[in-house]
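Listed below, chain by chain, are the residues.
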Amino acid sequence: MGSEAVGAIGLGLLLVLMVLRVPVALTMLIVGVVGFAQIISWDAAVAQLKTVPVEVLSNYSFSAVPMFILMGVLAAHSGMAGKLFDSTRVICGGWKGGLAIAAVGSCGIFSAISGSSLATASTMTRVALPEMERYGYNRGLATGALAAGGTLGIMIPPSIALLIYAILTEQSVGDMFMAGLIPGLLGLVMYSLTVTVVMWLRPSLAVAGEPTAWKEKLLSLTGLVPFFGVFLVMILGIYFGAFTPTEGASVGAFATLIYALVKGMRGAQLWASVQETLALSAVVFFMLVGAETLGYFISVSRISFSITDVLYGMDLTPLVVVLCILALYFVLGMFMDSIAMLVITVPVVYPIIQAMGIDPVWFGILTVLTVELGLMTPPVGMNVFVIKAMAPHVGLGEIFRGVAPFVVSDLIRLTLLILFPVLSTFFLL
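All values derive from a computational prediction rather than experimental measurement. (Residues numbered from 1 in each chain as written. Predicted model: local features only at pLDDT ≥ 70, side-chain atom pairs only at ≥ 80, totals over all residues. Heavy atoms only, no water.)

A. Quick peek at the overall build of the protein. For the protein, the count of helices and strands is 21 helices and zero strands. Relative to the 2.2 N^0.38 estimate, which gives 22 Å for 429 residues, the radius of gyration of the protein is 22 Å and therefore close to what a compact globule would have. On the principal axes, the C-alpha backbone points of the protein span a range of 70 × 50 × 45 Å. When burial is assessed residue by residue, the protein has 54% of its 429 residues classed as buried. By sequence separation, contacts in the protein at least 24 residues apart represent 80% of the contacts at least 6 residues apart. As displayed, the protein has an accessible area near 17700 Å², and 71% of this comes from carbon and sulfur atoms. A distance of 16 Å separates the average location of the 17 positive side-chain charges in the protein from that of its 20 negative side-chain charges. (Helix = DSSP H or I, 4+ residues; strand = E, 2+ residues; numbered from the N terminus. Rg over C-alpha atoms; globule rule 2.2 N^0.38 Å. Buried < 20%, exposed > 50% of the residue type's maximum accessible area, 1.4 Å probe, protein only. Contact = heavy atoms within 4.5 Å. Areas by Shrake-Rupley, 256 points an atom, 1.4 Å probe, with all protein chains shown as cover. Lys, Arg positive; Asp, Glu negative; His and termini not counted. Charge placed at Lys NZ, Arg CZ, Asp CG, Glu CD.)

B. Local environment of the layout of surface pockets. Approximately 570 Å³ is the volume attributed to the second largest pocket. Lining the second largest pocket are 21 residues, with Leu168, Glu170, Glu292, Gly295 and Pro347 positioned closest to its centre. Considering every element that reaches the lining of the second largest pocket, the biggest residue donor is helix α14 (residues 267–301), with six residues. Looking at the lining of the second largest pocket, its residues break down into 12 nonpolar, six polar and three charged. (1 Å grid on protein atoms, 1.4 Å probe; cavity = no way out; pocket = protein on both sides within 12 Å on 5 of 7 lines; lining within 4 Å. Points joined across faces, edges and corners; volume = space filled by probe spheres on them. Nonpolar A, V, L, I, M, F, W, Y, C, P; charged D, E, K, R; others polar.)

C. Looking closely at the state of the cysteines. Counted under the stated rule, the structure contains zero disulfides. Of the cysteine sulfurs around Cys92, a residue in no disulfide, the closest is that of Cys107, at 12 Å. Note on Cys92: relative accessible area 8%, which makes it buried. (Disulfide = S-S within 2.5 Å.)

D. Focus on unusual backbone geometry. The residue Glu170 is not glycine, and still its phi comes out positive at about 60°. Note that Glu170 resides in the loop between α9 (160–169) and α10 (173–201).

E. Molecular detail of the packing of aromatic side chains. Under the definition given, this model contains four aromatic pairs. Their ring planes at 55° and their centres at 6.1 Å tell us that Phe110 and Phe227 sit as a pair that is tilted. Taken together, the residues Phe110 in helix α6 (residues 98–114) and Phe227 in helix α12 (residues 225–239) connect sequence positions 117 residues apart. Side by side, Phe110 and Phe227 carry an identical accessibility label, which is buried. (Phe/Tyr/Trp six-rings, centres within 6.5 Å; stacked < 30°, edge-to-face > 60°.)

F. Structural context of the pattern of salt bridges. Per the counting criterion, the structure on display carries six salt bridges. Of the charged contacts, one joins Arg89 and Glu131 as a salt bridge, the two residues approaching to 4.0 Å between their closest N and O atoms. Here Glu131 lies in helix α7 (residues 117–134) and Arg89 lies in helix α5 (residues 80–91), a separation of 42 residues in the sequence. Judged by its relative accessible area of 27%, Arg89 falls in the partly exposed class. When its relative accessible area of 16% is taken as the criterion, Glu131 is described as buried. (Salt bridge = Lys/Arg side-chain N within 4 Å of Asp/Glu carboxyl O.)

G. A look at the packing of α10 against α12. Put simply, α10 and α12 touch, their axes get as near as 10 Å, and they point 125° apart. Here α10 lies oblique to α12, going by the angle between them. Here the hand of the crossing between α10 and α12 comes out left-handed. For the pair α10 and α12, the contacting residues are Gly174, Phe177, Met178 and Leu181 in the first and Phe231, Ile235, Ile238 and Tyr239 in the second. (Axes fitted to C-alpha atoms, helices over the stretch in contact; angles between N-to-C directions. Parallel < 35°, antiparallel > 145°, perpendicular 65-115°, else oblique. Left-handed = near helix turned anticlockwise from the far one by under 90°.)

Shape is all these values report; function is a separate question.
Printed below as a string of C-alpha coordinates:
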(Lines give C-alpha, C1' and ligand atoms only; values in the text may rest on other atoms or scores of the structure.)
Protein backbone atom coordinates (compact mmCIF):
# COMPACT_ATOMS: atom_id res chain seq x y z
CA MET A 1 0.00 0.00 0.00
CA GLY A 2 1.38 3.43 -0.95
CA SER A 3 2.11 6.12 1.63
CA GLU A 4 -0.65 8.37 0.19
CA ALA A 5 -3.22 5.60 0.70
CA VAL A 6 -2.04 5.13 4.30
CA GLY A 7 -2.38 8.88 4.81
CA ALA A 8 -5.93 8.92 3.45
CA ILE A 9 -6.92 5.94 5.65
CA GLY A 10 -5.35 7.68 8.65
CA LEU A 11 -7.34 10.86 8.11
CA GLY A 12 -10.50 8.79 7.72
CA LEU A 13 -9.73 6.96 10.96
CA LEU A 14 -9.16 10.32 12.62
CA LEU A 15 -12.70 11.42 11.79
CA VAL A 16 -14.17 8.07 12.89
CA LEU A 17 -12.46 8.23 16.29
CA MET A 18 -13.67 11.79 16.84
CA VAL A 19 -17.23 10.79 15.96
CA LEU A 20 -16.87 8.02 18.57
CA ARG A 21 -15.97 10.84 21.03
CA VAL A 22 -12.40 9.73 21.66
CA PRO A 23 -10.54 12.80 23.06
CA VAL A 24 -9.12 14.85 20.19
CA ALA A 25 -5.56 14.89 21.53
CA LEU A 26 -5.54 11.13 22.02
CA THR A 27 -7.07 10.61 18.56
CA MET A 28 -4.29 12.61 16.88
CA LEU A 29 -1.65 10.77 18.91
CA ILE A 30 -3.00 7.30 18.02
CA VAL A 31 -3.37 8.04 14.30
CA GLY A 32 0.00 9.78 14.15
CA VAL A 33 1.95 6.98 15.83
CA VAL A 34 0.21 4.07 14.08
CA GLY A 35 0.30 5.78 10.67
CA PHE A 36 3.98 6.68 11.02
CA ALA A 37 4.74 3.09 11.98
CA GLN A 38 2.94 1.75 8.92
CA ILE A 39 4.97 3.95 6.55
CA ILE A 40 8.37 3.97 8.27
CA SER A 41 8.66 1.42 11.12
CA TRP A 42 7.46 0.75 14.63
CA ASP A 43 10.92 1.45 16.04
CA ALA A 44 10.89 4.91 14.44
CA ALA A 45 7.33 5.54 15.68
CA VAL A 46 8.23 4.61 19.27
CA ALA A 47 11.34 6.79 19.09
CA GLN A 48 9.19 9.66 17.85
CA LEU A 49 6.74 9.07 20.70
CA LYS A 50 9.64 9.63 23.11
CA THR A 51 11.00 12.77 21.46
CA VAL A 52 7.90 14.71 20.34
CA PRO A 53 6.51 15.47 23.84
CA VAL A 54 9.95 16.73 24.90
CA GLU A 55 10.20 18.91 21.78
CA VAL A 56 6.77 20.45 22.34
CA LEU A 57 6.99 20.94 26.10
CA SER A 58 10.48 22.42 25.90
CA ASN A 59 9.62 24.78 23.02
CA TYR A 60 10.17 28.28 24.36
CA SER A 61 7.54 29.79 22.05
CA PHE A 62 4.79 27.65 23.59
CA SER A 63 5.46 29.11 27.04
CA ALA A 64 3.30 32.08 26.00
CA VAL A 65 0.19 29.83 26.08
CA PRO A 66 -0.07 29.42 29.89
CA MET A 67 0.83 33.11 30.33
CA PHE A 68 -2.10 34.24 28.18
CA ILE A 69 -4.40 31.78 29.97
CA LEU A 70 -3.20 33.06 33.36
CA MET A 71 -3.95 36.64 32.29
CA GLY A 72 -7.55 35.77 31.47
CA VAL A 73 -8.07 33.74 34.64
CA LEU A 74 -6.67 36.48 36.88
CA ALA A 75 -8.75 39.13 35.09
CA ALA A 76 -11.89 37.06 35.64
CA HIS A 77 -11.21 36.28 39.31
CA SER A 78 -9.95 39.72 40.36
CA GLY A 79 -13.11 41.63 39.50
CA MET A 80 -11.70 43.30 36.38
CA ALA A 81 -14.50 41.83 34.24
CA GLY A 82 -17.24 43.20 36.52
CA LYS A 83 -15.76 46.69 36.49
CA LEU A 84 -15.36 46.46 32.74
CA PHE A 85 -19.05 45.74 32.14
CA ASP A 86 -20.10 48.44 34.61
CA SER A 87 -18.04 50.95 32.63
CA THR A 88 -19.36 49.95 29.20
CA ARG A 89 -22.92 49.84 30.58
CA VAL A 90 -22.63 53.44 31.76
CA ILE A 91 -21.08 54.53 28.45
CA CYS A 92 -23.99 52.95 26.52
CA GLY A 93 -26.59 54.20 29.00
CA GLY A 94 -29.84 55.37 27.40
CA TRP A 95 -29.19 53.62 24.06
CA LYS A 96 -31.75 51.23 22.63
CA GLY A 97 -30.13 47.82 23.09
CA GLY A 98 -27.34 49.55 24.99
CA LEU A 99 -26.77 46.66 27.39
CA ALA A 100 -26.28 44.23 24.50
CA ILE A 101 -23.82 46.64 22.86
CA ALA A 102 -22.08 47.03 26.24
CA ALA A 103 -21.85 43.24 26.51
CA VAL A 104 -20.28 42.97 23.05
CA GLY A 105 -17.87 45.81 23.86
CA SER A 106 -16.94 44.21 27.17
CA CYS A 107 -16.27 40.90 25.43
CA GLY A 108 -14.02 42.62 22.89
CA ILE A 109 -12.03 44.47 25.55
CA PHE A 110 -11.79 41.45 27.86
CA SER A 111 -10.60 39.27 25.00
CA ALA A 112 -7.71 41.68 24.49
CA ILE A 113 -6.02 40.19 27.54
CA SER A 114 -7.76 36.82 27.71
CA GLY A 115 -6.77 35.23 24.40
CA SER A 116 -9.52 32.63 24.75
CA SER A 117 -13.05 32.76 23.33
CA LEU A 118 -14.47 30.25 25.79
CA ALA A 119 -13.01 32.13 28.78
CA THR A 120 -14.39 35.42 27.43
CA ALA A 121 -17.87 33.97 26.84
CA SER A 122 -18.13 32.27 30.24
CA THR A 123 -16.79 35.24 32.21
CA MET A 124 -18.91 37.91 30.55
CA THR A 125 -22.05 35.73 30.70
CA ARG A 126 -21.73 35.57 34.49
CA VAL A 127 -21.36 39.34 34.62
CA ALA A 128 -23.68 40.67 31.91
CA LEU A 129 -26.57 38.21 31.44
CA PRO A 130 -28.26 38.82 34.84
CA GLU A 131 -28.23 42.57 34.17
CA MET A 132 -29.78 42.18 30.71
CA GLU A 133 -32.45 39.84 32.08
CA ARG A 134 -33.22 42.34 34.86
CA TYR A 135 -34.02 44.94 32.20
CA GLY A 136 -36.28 42.55 30.30
CA TYR A 137 -34.05 41.82 27.33
CA ASN A 138 -35.11 39.01 25.05
CA ARG A 139 -33.06 36.00 26.18
CA GLY A 140 -32.13 35.05 22.62
CA LEU A 141 -30.73 38.51 21.90
CA ALA A 142 -28.88 38.65 25.22
CA THR A 143 -27.24 35.24 24.95
CA GLY A 144 -26.65 35.64 21.20
CA ALA A 145 -24.73 38.87 21.79
CA LEU A 146 -22.61 37.18 24.45
CA ALA A 147 -21.92 34.10 22.30
CA ALA A 148 -20.87 36.32 19.40
CA GLY A 149 -18.88 38.73 21.57
CA GLY A 150 -17.05 35.80 23.11
CA THR A 151 -15.68 34.77 19.71
CA LEU A 152 -13.69 38.02 19.58
CA GLY A 153 -11.26 36.36 21.99
CA ILE A 154 -9.95 34.18 19.18
CA MET A 155 -9.03 37.14 16.93
CA ILE A 156 -8.18 40.25 18.96
CA PRO A 157 -4.54 39.91 20.02
CA PRO A 158 -3.12 38.40 22.07
CA SER A 159 -4.91 35.32 20.74
CA ILE A 160 -4.04 31.73 21.60
CA ALA A 161 -5.41 30.62 18.20
CA LEU A 162 -3.19 33.08 16.31
CA LEU A 163 -0.23 32.03 18.48
CA ILE A 164 -0.76 28.33 17.71
CA TYR A 165 -1.23 29.01 13.98
CA ALA A 166 2.00 31.03 13.94
CA ILE A 167 3.98 28.29 15.68
CA LEU A 168 2.53 25.48 13.54
CA THR A 169 3.35 27.36 10.33
CA GLU A 170 6.61 28.93 11.57
CA GLN A 171 5.29 32.44 11.04
CA SER A 172 6.16 35.44 13.22
CA VAL A 173 3.86 35.55 16.25
CA GLY A 174 4.18 39.34 16.29
CA ASP A 175 3.11 39.54 12.63
CA MET A 176 0.07 37.37 13.30
CA PHE A 177 -0.94 39.49 16.29
CA MET A 178 -0.63 42.74 14.34
CA ALA A 179 -2.53 41.21 11.40
CA GLY A 180 -5.40 40.25 13.72
CA LEU A 181 -5.81 43.75 15.16
CA ILE A 182 -7.94 45.37 12.42
CA PRO A 183 -10.09 42.25 11.73
CA GLY A 184 -10.70 41.90 15.48
CA LEU A 185 -11.69 45.55 15.95
CA LEU A 186 -13.79 45.34 12.79
CA GLY A 187 -15.66 42.44 14.35
CA LEU A 188 -16.30 44.48 17.50
CA VAL A 189 -17.74 47.37 15.45
CA MET A 190 -19.82 45.11 13.21
CA TYR A 191 -21.32 43.20 16.16
CA SER A 192 -22.36 46.52 17.72
CA LEU A 193 -23.93 47.57 14.42
CA THR A 194 -25.68 44.19 14.27
CA VAL A 195 -27.33 44.86 17.63
CA THR A 196 -28.42 48.29 16.34
CA VAL A 197 -29.93 46.78 13.17
CA VAL A 198 -31.75 44.08 15.18
CA MET A 199 -33.16 46.78 17.46
CA TRP A 200 -34.34 48.74 14.42
CA LEU A 201 -36.06 45.69 12.92
CA ARG A 202 -37.47 44.31 16.19
CA PRO A 203 -37.58 47.06 18.83
CA SER A 204 -39.60 44.87 21.19
CA LEU A 205 -36.57 42.66 21.96
CA ALA A 206 -35.05 45.19 24.37
CA VAL A 207 -35.64 48.45 26.16
CA ALA A 208 -33.47 51.51 26.48
CA GLY A 209 -31.24 51.49 29.55
CA GLU A 210 -31.13 54.19 32.18
CA PRO A 211 -29.75 57.38 30.62
CA THR A 212 -26.40 58.57 31.93
CA ALA A 213 -24.86 62.01 31.85
CA TRP A 214 -21.69 62.76 29.90
CA LYS A 215 -19.85 63.29 33.17
CA GLU A 216 -20.79 59.76 34.28
CA LYS A 217 -19.67 58.35 30.93
CA LEU A 218 -16.28 60.05 31.21
CA LEU A 219 -15.78 58.93 34.82
CA SER A 220 -16.68 55.36 33.88
CA LEU A 221 -13.68 55.20 31.53
CA THR A 222 -11.53 54.53 34.59
CA GLY A 223 -12.87 50.96 34.57
CA LEU A 224 -11.25 50.42 31.16
CA VAL A 225 -7.80 51.64 32.23
CA PRO A 226 -6.47 48.27 33.55
CA PHE A 227 -7.40 46.48 30.32
CA PHE A 228 -6.06 49.10 27.96
CA GLY A 229 -2.94 49.45 30.10
CA VAL A 230 -2.08 45.76 29.87
CA PHE A 231 -3.10 45.55 26.20
CA LEU A 232 -1.08 48.59 25.10
CA VAL A 233 2.02 47.52 27.01
CA MET A 234 1.97 44.13 25.30
CA ILE A 235 1.03 45.19 21.77
CA LEU A 236 3.24 48.29 21.60
CA GLY A 237 6.12 46.42 23.21
CA ILE A 238 5.84 43.64 20.62
CA TYR A 239 5.30 46.05 17.70
CA PHE A 240 8.31 48.22 18.54
CA GLY A 241 10.54 45.27 19.40
CA ALA A 242 10.92 46.01 23.12
CA PHE A 243 10.27 42.34 23.81
CA THR A 244 9.22 39.19 21.99
CA PRO A 245 5.58 37.96 21.99
CA THR A 246 6.55 35.30 24.52
CA GLU A 247 8.11 37.89 26.79
CA GLY A 248 5.08 40.12 26.20
CA ALA A 249 2.82 37.36 27.53
CA SER A 250 4.88 37.25 30.71
CA VAL A 251 4.77 41.04 31.04
CA GLY A 252 0.98 41.01 30.62
CA ALA A 253 0.53 38.17 33.12
CA PHE A 254 2.73 39.96 35.66
CA ALA A 255 0.81 43.24 35.23
CA THR A 256 -2.51 41.44 35.69
CA LEU A 257 -1.14 39.68 38.78
CA ILE A 258 -0.12 43.02 40.31
CA TYR A 259 -3.64 44.36 39.69
CA ALA A 260 -5.17 41.25 41.27
CA LEU A 261 -2.95 41.61 44.36
CA VAL A 262 -3.79 45.30 44.70
CA LYS A 263 -7.50 44.40 44.53
CA GLY A 264 -7.11 41.93 47.37
CA MET A 265 -6.60 38.52 45.75
CA ARG A 266 -4.77 36.30 48.21
CA GLY A 267 -3.91 32.67 48.99
CA ALA A 268 -6.99 30.57 48.13
CA GLN A 269 -8.06 32.70 45.15
CA LEU A 270 -4.55 32.83 43.71
CA TRP A 271 -4.12 29.09 44.11
CA ALA A 272 -7.50 28.48 42.40
CA SER A 273 -6.36 30.71 39.51
CA VAL A 274 -3.11 28.77 39.19
CA GLN A 275 -4.96 25.44 39.23
CA GLU A 276 -7.38 26.60 36.53
CA THR A 277 -4.48 27.84 34.42
CA LEU A 278 -2.62 24.54 34.78
CA ALA A 279 -5.71 22.51 33.85
CA LEU A 280 -6.45 24.57 30.73
CA SER A 281 -2.77 24.64 29.71
CA ALA A 282 -2.51 20.86 30.06
CA VAL A 283 -5.41 20.40 27.64
CA VAL A 284 -3.82 22.73 25.07
CA PHE A 285 -0.36 21.13 25.37
CA PHE A 286 -1.74 17.61 25.07
CA MET A 287 -3.42 18.66 21.82
CA LEU A 288 -0.17 20.24 20.59
CA VAL A 289 1.73 17.00 21.27
CA GLY A 290 -0.93 15.09 19.34
CA ALA A 291 -0.83 17.62 16.51
CA GLU A 292 2.95 17.44 16.22
CA THR A 293 2.80 13.63 16.06
CA LEU A 294 0.04 13.76 13.46
CA GLY A 295 2.04 16.32 11.49
CA TYR A 296 5.01 13.95 11.17
CA PHE A 297 2.67 11.23 9.87
CA ILE A 298 1.08 13.57 7.32
CA SER A 299 4.52 14.71 6.20
CA VAL A 300 5.84 11.19 5.50
CA SER A 301 2.56 10.14 3.89
CA ARG A 302 2.93 13.01 1.39
CA ILE A 303 -0.85 13.29 1.22
CA SER A 304 -0.64 17.11 1.24
CA PHE A 305 1.54 17.00 -1.86
CA SER A 306 -0.89 14.61 -3.54
CA ILE A 307 -3.78 17.00 -2.83
CA THR A 308 -1.68 19.87 -4.20
CA ASP A 309 -1.00 17.90 -7.39
CA VAL A 310 -4.73 17.26 -7.81
CA LEU A 311 -5.52 20.95 -7.36
CA TYR A 312 -2.85 21.90 -9.88
CA GLY A 313 -4.36 19.40 -12.30
CA MET A 314 -7.78 21.04 -11.85
CA ASP A 315 -6.19 24.39 -12.77
CA LEU A 316 -7.86 26.20 -9.88
CA THR A 317 -6.88 29.76 -9.02
CA PRO A 318 -5.37 30.42 -5.56
CA LEU A 319 -8.52 32.30 -4.52
CA VAL A 320 -10.75 29.33 -5.37
CA VAL A 321 -8.41 27.04 -3.40
CA VAL A 322 -8.67 29.38 -0.39
CA LEU A 323 -12.47 29.43 -0.67
CA CYS A 324 -12.60 25.62 -0.81
CA ILE A 325 -10.42 25.33 2.30
CA LEU A 326 -12.51 27.93 4.16
CA ALA A 327 -15.69 26.03 3.22
CA LEU A 328 -14.10 22.91 4.72
CA TYR A 329 -13.29 24.85 7.88
CA PHE A 330 -16.83 26.17 8.09
CA VAL A 331 -18.24 22.63 7.97
CA LEU A 332 -15.69 21.24 10.44
CA GLY A 333 -16.39 24.15 12.76
CA MET A 334 -19.92 22.87 13.22
CA PHE A 335 -18.55 19.74 14.90
CA MET A 336 -15.11 20.49 16.38
CA ASP A 337 -13.45 22.71 18.94
CA SER A 338 -11.55 25.64 17.41
CA ILE A 339 -8.07 24.83 18.73
CA ALA A 340 -8.49 21.15 17.87
CA MET A 341 -9.54 22.06 14.35
CA LEU A 342 -6.46 24.25 13.87
CA VAL A 343 -3.94 21.72 15.13
CA ILE A 344 -5.49 18.91 13.07
CA THR A 345 -5.95 20.70 9.76
CA VAL A 346 -3.11 23.23 9.51
CA PRO A 347 -0.43 20.55 8.94
CA VAL A 348 -2.56 19.25 6.04
CA VAL A 349 -3.54 22.48 4.31
CA TYR A 350 -0.49 24.66 4.95
CA PRO A 351 1.76 22.91 2.38
CA ILE A 352 -1.01 23.49 -0.17
CA ILE A 353 -1.07 27.19 0.71
CA GLN A 354 2.71 27.38 0.35
CA ALA A 355 2.66 25.63 -3.01
CA MET A 356 -0.01 28.02 -4.29
CA GLY A 357 1.99 31.08 -3.26
CA ILE A 358 -0.76 32.38 -0.95
CA ASP A 359 0.20 34.86 1.78
CA PRO A 360 0.33 32.69 4.93
CA VAL A 361 -0.45 35.60 7.28
CA TRP A 362 -3.57 36.62 5.33
CA PHE A 363 -4.64 32.99 5.10
CA GLY A 364 -4.10 32.57 8.84
CA ILE A 365 -6.47 35.45 9.60
CA LEU A 366 -9.11 34.02 7.25
CA THR A 367 -8.68 30.60 8.86
CA VAL A 368 -9.05 31.90 12.41
CA LEU A 369 -12.11 33.96 11.45
CA THR A 370 -13.75 30.90 9.86
CA VAL A 371 -12.91 28.89 12.97
CA GLU A 372 -14.49 31.73 14.96
CA LEU A 373 -17.71 31.23 12.99
CA GLY A 374 -17.71 27.59 14.04
CA LEU A 375 -17.90 28.65 17.69
CA MET A 376 -21.44 29.98 17.04
CA THR A 377 -22.93 27.55 14.51
CA PRO A 378 -24.90 24.36 15.26
CA PRO A 379 -24.71 21.54 16.07
CA VAL A 380 -21.55 22.05 18.17
CA GLY A 381 -21.07 25.78 18.67
CA MET A 382 -18.72 25.71 21.65
CA ASN A 383 -19.51 29.26 22.79
CA VAL A 384 -23.21 28.50 22.65
CA PHE A 385 -22.76 25.43 24.86
CA VAL A 386 -20.61 27.40 27.30
CA ILE A 387 -23.37 30.00 27.65
CA LYS A 388 -25.98 27.24 27.95
CA ALA A 389 -23.94 25.79 30.85
CA MET A 390 -23.78 29.24 32.50
CA ALA A 391 -27.51 29.90 31.88
CA PRO A 392 -29.33 26.52 31.93
CA HIS A 393 -32.73 28.25 31.95
CA VAL A 394 -32.18 29.47 28.36
CA GLY A 395 -32.88 26.95 25.61
CA LEU A 396 -30.26 26.05 23.00
CA GLY A 397 -32.72 26.96 20.26
CA GLU A 398 -33.11 30.45 21.71
CA ILE A 399 -29.36 30.99 21.80
CA PHE A 400 -28.83 29.75 18.24
CA ARG A 401 -31.65 31.98 16.98
CA GLY A 402 -30.18 34.93 18.85
CA VAL A 403 -26.73 34.37 17.41
CA ALA A 404 -27.93 34.05 13.78
CA PRO A 405 -27.65 37.80 12.94
CA PHE A 406 -24.07 37.78 14.23
CA VAL A 407 -23.22 34.82 11.98
CA VAL A 408 -24.42 36.92 9.03
CA SER A 409 -22.23 39.78 10.30
CA ASP A 410 -19.19 37.48 10.42
CA LEU A 411 -19.84 36.23 6.89
CA ILE A 412 -19.84 39.85 5.71
CA ARG A 413 -16.59 40.47 7.61
CA LEU A 414 -15.01 37.37 6.08
CA THR A 415 -16.02 38.59 2.61
CA LEU A 416 -14.43 41.98 3.28
CA LEU A 417 -11.17 40.36 4.40
CA ILE A 418 -11.10 38.17 1.27
CA LEU A 419 -11.78 41.12 -1.04
CA PHE A 420 -9.43 43.51 0.77
CA PRO A 421 -6.38 41.61 2.11
CA VAL A 422 -4.88 44.94 3.22
CA LEU A 423 -7.25 44.84 6.21
CA SER A 424 -5.12 41.97 7.51
CA THR A 425 -1.71 43.13 6.33
CA PHE A 426 -1.94 46.89 6.92
CA PHE A 427 0.43 46.96 9.90
CA LEU A 428 2.88 44.69 8.09
CA LEU A 429 3.32 46.89 5.01
